[in-house]
Amino acid sequence: MSKHVLAQNQYGKAENRIVAVTRKGDGGAWHEIRDLNVSVALRGEYRDVHLTGDNGNCLPTDTTKNTVYAFAKEHGVTSPEAFGIHLAKHFVTSQAVIHEAQIRVEEYAWERISVPTRKEQHSFARKGQEVRTAQITYSANTGLQVLSGLKDLTVMNSTNSEFHGFIKDRYTTLQEAYDRILATKVTARWANSALAAADEEHDWDRSYQKVRRHMLEAFAETYSYSLQQTLHAMADRVLDHVPTVNEVRLNLPNKHHFLVDLEPFGLENDNNNGSVYFAADRMYGLIEGTIHRDGVQPVIATSDWITA
């Protein structure tokens, strides 16, 4: 018997790639697709499998993979959240040794290639914008928690951004900026209310689009004196306009743009008549923060490391 203590543990099948095609219309000529990457993590009575290799309580990860594909056919994929809820509840309610299931979903968006002269509409082009995310956790003791989100959404304001009045010490070389480019690659997660999670008729697609729209509108409309201020404005706007969201966490890497020195070529490069910038890839400032409703206990993890 080990003298050490087995702490938090989980297992499952990660990154199950699935494309679900729904056929609609006359003869099924109109197709809809949902392109997902689904990861399953199970938590429960797994002491023996770790300490002695007794697999009596171990549902094979291959079974979890098969369940993902079977559920896509049996229940369909109406949204990442709804699909994840079906899976999480199934694992916990079907096996007594599984106490909690967490489903993480990424969705890759496609847009239709419309051909007016063709009856069949089954051609798509991959959208080059964000990846939609969802994390569903279900426990018989604590109930259902649904976190929605997105990542890799790159946005830019080419003006209406300043940064000055900051601390200066012997190592400070950054010049104060009174007109700069503000760009970032947004990773956002938001915690949905218990009422929304429990509502089988909740429109997760509509909710996602609403949150996304308000974040982008706040980014565009905020005259920014810091990326921190913009972060707060984006989350604040969501909480003001989407009552089913209780908490928003944003990870915003600052995609720095620096004016190129063109004086050696006899060219003036300033912001009065247009300008040329160098877009830096590494290194970058990383601005992170959580905004939640008063009286709400935050539930979104703050330790995830987000890279550019």
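Residues numbered from 1 in each chain as written. Predicted model: local features only at pLDDT ≥ 70, side-chain atom pairs only at ≥ 80, totals over all residues. Heavy atoms only, no water.

Caption draft 1: Region of the structure containing unusual backbone geometry. Arg 282 connects to Met 283 through a cis peptide bond whose omega is -10°. We note that Glu 15 has phi near 55°; this positive angle belongs to a residue other than glycine. Turning to its location among the elements, Glu 15 is positioned in the segment before strand 1 (16-24). Given a relative accessible area of 56%, Glu 15 falls into the exposed group. Phi at Asn 160 takes a positive value of approximately 60°, unusual for a residue other than glycine. When you line up the elements, Asn 160 lands in the loop between strand 5 (143-157) and strand 6 (182-192). Its relative accessible area of 37% is what places Asn 160 among the partly exposed residues. (Helix = DSSP H or I, 4+ residues; strand = E, 2+ residues; numbered from the N terminus. Buried < 20%, exposed > 50% of the residue type's maximum accessible area, 1.4 Å probe, protein only.)

Caption draft 2: Up close: the packing of aromatic side chains. The tally for this structure, following the rule as stated, stands at 4 aromatic pairs. Measuring from centroid to centroid gives 5.0 Å for Phe 163 and Phe 166, while their planes differ by 20°, and the two rings are stacked. Overall, the relative accessible area of 27% leaves Phe 163 in the partly exposed class. With relative accessibility at 16%, the residue Phe 166 sits in the buried group. One residue, Arg 112, lies across the ring of Trp 30, its end atom 3.9 Å from the ring centre. In this structure, Lys 168 is placed above the aromatic ring of Phe 166, and the distance from its NZ or CZ to the ring centre is 4.6 Å. (Phe/Tyr/Trp six-rings, centres within 6.5 Å; stacked < 30°, edge-to-face > 60°. Lys NZ or Arg CZ within 6 Å of the ring centre and 35° of its normal.)

Caption draft 3: The arrangement of the environment of Glu 45 in detail. Here Glu 45 lies in the loop between strand 2 (30-44) and helix 1 (47-51). What makes Glu 45 partly exposed here is its relative accessible area of 40%. Sequence-wise, Glu 45 and Met 156 are 111 residues apart; in three dimensions their C-alpha atoms are separated by 48 Å. In contact with Glu 45, other than residues within four places in its own chain, are Asn 57, Ala 96, Val 97 and His 99. (Contact = heavy atoms within 4.5 Å.)

Caption draft 4: Broad picture of helix 2 (residues 61-75). With 15 residues, helix 2 should cover 21 Å at 1.5 Å per step; its first-to-last C-alpha distance of 21 Å lies within 8% of that length. Within the sequence span of helix 2, burial applies to Thr 64, Thr 67, Val 68, Phe 71 and Ala 72. For helix 2, the elements touching its buried residues are strand 1, strand 2 and helix 3 (80-94). Of the residues flanking the end of helix 2, it is Gly 76, one or two places downstream, whose phi is positive at about 75°. (Expected span 1.5 Å × (residues − 1).)

Caption draft 5: A look at the packing of helix 5 (residues 204-221) against helix 6 (residues 227-241). The geometry of helix 5 relative to helix 6 is characterised by a closest axis approach of 8 Å and an angle of 140° between their N-to-C directions. Taken as axis vectors, helix 5 and helix 6 run oblique relative to one another. Considering only the axes of helix 5 and helix 6, their crossing is right-handed. Across the interface between the two elements, Lys 210, Val 211, His 214, Met 215, Glu 217, Ala 218, Phe 219 and Glu 221 from helix 5 touch Thr 230, Ala 233, Met 234, Arg 237, Val 238 and His 241 from helix 6. Considering only residue class, the contact of helix 5 with helix 6 consists of 7 nonpolar, 3 polar and 4 charged. (Axes fitted to C-alpha atoms, helices over the stretch in contact; angles between N-to-C directions. Parallel < 35°, antiparallel > 145°, perpendicular 65-115°, else oblique. Left-handed = near helix turned anticlockwise from the far one by under 90°. Nonpolar A, V, L, I, M, F, W, Y, C, P; charged D, E, K, R; others polar.)

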